[in-house]
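# Fold and geometry: a report
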Amino acid sequence: MRHLSPASVVARSNGFVEAAIDNEIVALNIENGICYGLNRVGSRIWNLLATPVRIGDLCATLLAEYRVDPSVCECQVLDLLEELRTEGLIATPEEK
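So, here's what we can say about the structure. None of the values given here were measured: they were computed from a predicted structure.

## Focus: helix 3 (residues 70-86)
In this model, helix 3 (17 residues) spans 24 Å end to end at C-alpha, consistent with the 24 Å of a helix rising 1.5 Å per residue. Among the residues of helix 3, Cys73, Val77, Leu78, Leu80, Leu81, Glu82, Leu84 and Arg85 are the ones counted as buried. On its buried side, helix 3 packs onto strand 1 (9-12), strand 4 (35-38), helix 1 (40-48), helix 2 (55-65) and strand 6 (90-91). Immediately downstream of helix 3, the backbone of glycine 88 shows phi near 85 degrees, a positive value.

Below, the structure is given as structure tokens:
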């Protein structure tokens, strides 16, 4: 599996039930029963992943909405997306 980069396109995987609780997303994997919780920024990213999106464009959206250094934003977004991909919550089009 290749590492994600700002040029990578990612989207949510299927098979999850989700709910918003106090502006945070809780997603349940139906197959294995594992529940995942995302904080406000993670929930915003999750919502942006409803359709396939290039990571660089996702970061640009976040930079317009939050006060954060661009390099910190990119690094933290890539870290979160790698974790979500490892858990099977997201995938690149070629992995689907």
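## Re the packing of aromatic side chains
As enumerated under the stated definition, the model contains 2 aromatic pairs in all. For the ring pair phenylalanine 16 and tyrosine 36, a centre distance of 6.4 Å and an interplane angle of 65 degrees mean the geometry is edge-to-face. A residue pair is termed long-range when its members are at least 10 positions apart, and phenylalanine 16 in strand 2 (residues 16-21) and tyrosine 36 in strand 4 qualify at 20 residues. A relative accessible area of 16% places phenylalanine 16 in the buried class.

Rules used in this analysis
Residues numbered from 1 in each chain as written. Predicted model: local features only at pLDDT ≥ 70, side-chain atom pairs only at ≥ 80, totals over all residues. Heavy atoms only, no water. Helix = DSSP H or I, 4+ residues; strand = E, 2+ residues; numbered from the N terminus. Expected span 1.5 Å × (residues − 1). Buried < 20%, exposed > 50% of the residue type's maximum accessible area, 1.4 Å probe, protein only. Contact = heavy atoms within 4.5 Å. Phe/Tyr/Trp six-rings, centres within 6.5 Å; stacked < 30°, edge-to-face > 60°.

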